[in-house]
Amino acid sequence: MTRTTPPRQLDLMRLFPELAEHAATATRLHPRPGNPGIADSSVGGPLLWPADEPWPVCTDGAGHYVSHLRMPAMVRRSREIYAAAQARAAAGGTRYELTDEERAELPRYDFSEPEDLIDESVPLVPVAQLYRRDVPDFTGPADTDLLQVLWCPLDHPEEGYNPRVRLYWRRSADVTRPLSVAPEPTVVSGAYLPTPCVVYPEQIREYQYSGLLPAELGARITAWEDEARGGDDEDDEDEEDTGLSYQFDLSLAPGWKVGGFANWSLTDPHPMDCVECGTAMTLLFTAASSEWHGTGGSWRPVEEPPGVSSVPTDVSIGRGYDLYVFRCPESYEHPPATAMQ
């Protein structure tokens, strides 16, 4: 099944033609739980990794911020229990409720594995694998066709209390002997262990965050929004009185994406400059806490049935935010940078 973003409620270019200079394409990945393989693009799936290449690890040890450490098997089993209870409720039209047996199997909310389990090296967790053939907005060295995104599944204070991200570009044809089983960390933060998902890439058009537009254009958009929210009662017949938000309804799609623009609504924009050369970085990839806003958000794909979850990956960034991964346009070998928004 494909996933299709509903058309936007109005044409921004008709209202503000100069937005053409501040537009870009993005690829919504639309991850959904499944069983991807190493030859597939995926979120949280297995990677096409060379058997003779060491699996990356994090050695920060006590430098991690530790809270609610769980073994990966416990995280996955807890998700199975909750999903089963939700399925029962949906099938029977009954109230969501856990059985006594299920409650007994679940860990207490405040349960955490011993902290000394992270004193050793922590294997990184696969976050995304993206083949150039599948992603219209794929960006990478010209001789590569595969991007692999991994992160340490624990909080790093120096990364804004987010997981630390690493990027790997490679030629899939060069991997003639792939790794059969990837190492797994002993413990993780459950919010950073993605459920394996297949992806349904869809290219869309986005417009720059309003705070980064030219001042005059940004002011006109703000004035239009104020009027659209009912600021002018004498103009009730005006078709532009929509109550729509430039930011949340029309310009920036939520969810897991490649390319496009960042939404800086949490902190307002701040420079994302390469630590190696000082060049302003560009948005490469977005790991999201949800695929759309609310239960009936306008960004929900038209194919999604009522009641479907907007959090298919089970990833949660902060209190339901997104993690933006930026790259340096001068060199793919320069380290990425991240921002939570």
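One can find the structure itself at the top, above this paragraph.
Here goes a summary of the coordinates provided. Model, not experiment: these values are computed from the prediction. (Residues numbered from 1 in each chain as written. Predicted model: local features only at pLDDT ≥ 70, side-chain atom pairs only at ≥ 80, totals over all residues. Heavy atoms only, no water.)

So, on to the sheet that holds strand S13 (residues 257-259). The sheet built from six strands is open, its strands ordered S12-S1-S13-S14-S15-S16 with antiparallel pairing. The strands lining the two open edges of the sheet, one partner per strand, are strand S12 (202-207) and strand S16 (337-340). Adjacent strand axes in the sheet meet at a mean angle of 25°, parallel and antiparallel pairs treated alike. The pairing of strand S15 (residues 322-327) with S16 spans four bridges and is classified as antiparallel. Looking at the pairing, Leu323 lines up with Met340 of S16. (Pairing = 2+ DSSP bridges. Helix = DSSP H or I, 4+ residues; strand = E, 2+ residues; numbered from the N terminus. Axes fitted to C-alpha atoms, helices over the stretch in contact; angles between N-to-C directions.)

Scanning all chains against the criterion turns up eight aromatic pairs. Relative to Tyr168, the ring of Trp49 lies with its centre 5.1 Å away and its plane at 75°, an arrangement referred to as edge-to-face. Pair noted here: Trp49 is in the loop between strand S3 (42-43) and strand S4 (57-58) and Tyr168 is in strand S9 (residues 165-170), with a separation of 119 residues, a long-range link. Arranged with centres 5.4 Å apart and planes meeting at 85°, the rings of Tyr65 and Tyr161 form a pair that is edge-to-face. One end of the pair, Tyr65, is in the loop between S4 and strand S5 (69-70); the other, Tyr161, is in the loop between strand S8 (146-151) and S9, and 96 residues separate them in sequence. Taking the relative accessible area as the measure of exposure, Tyr161 reaches 44% and is therefore partly exposed. Put simply, the rings of Trp49, Trp55 and Tyr168 pair up and form one aromatic cluster. The ring of Tyr200 has Arg3 lying over it, and the distance from NZ or CZ to the ring centre is 4.7 Å. (Phe/Tyr/Trp six-rings, centres within 6.5 Å; stacked < 30°, edge-to-face > 60°. Buried < 20%, exposed > 50% of the residue type's maximum accessible area, 1.4 Å probe, protein only. Lys NZ or Arg CZ within 6 Å of the ring centre and 35° of its normal.)

Moving on, we come to a negative patch on the surface. Taken together, the side chains of Glu115, Asp116, Asp119 and Glu120 make up a negatively charged region of the molecular surface. Summarising the element assignment, Asp116 is placed in the loop between helix H3 (100-105) and strand S6 (122-123). (Patch = residues over 30% accessible without salt bridge, like charges linked within 9 Å, V, L, I, M, F, W, Y side chains within 5 Å. Areas by Shrake-Rupley, 256 points an atom, 1.4 Å probe, with all protein chains shown as cover. Salt bridge = Lys/Arg side-chain N within 4 Å of Asp/Glu carboxyl O. Lys, Arg positive; Asp, Glu negative; His and termini not counted. Charge placed at Lys NZ, Arg CZ, Asp CG, Glu CD.)

A general feature of soluble globular proteins is that nonpolar side chains tend to end up buried together. Ranked by size, the top nonpolar core spans 30 residues in total, and within it Trp151, Trp256 and Phe285 carry the most contacts. Secondary structure elements with two or more residues in this core: strand S7 (125-131), S8, S9, strand S14 (282-288) and S15. Not counting chain neighbours up to four residues away, the residues in contact with Trp151 comprise Leu124, Val125, Val127, Pro163, Arg164, Val165, Tyr192, Ala287, Val315, Ile317 and Leu323. Among the nonpolar cores identified, the runner-up in size contains 14 residues, and Tyr209, Trp264, Phe326 and Ala337 belong to it. (Core = buried A, V, L, I, M, F, W, Y, C linked by side-chain atoms within 4.5 Å. Contact = heavy atoms within 4.5 Å.)

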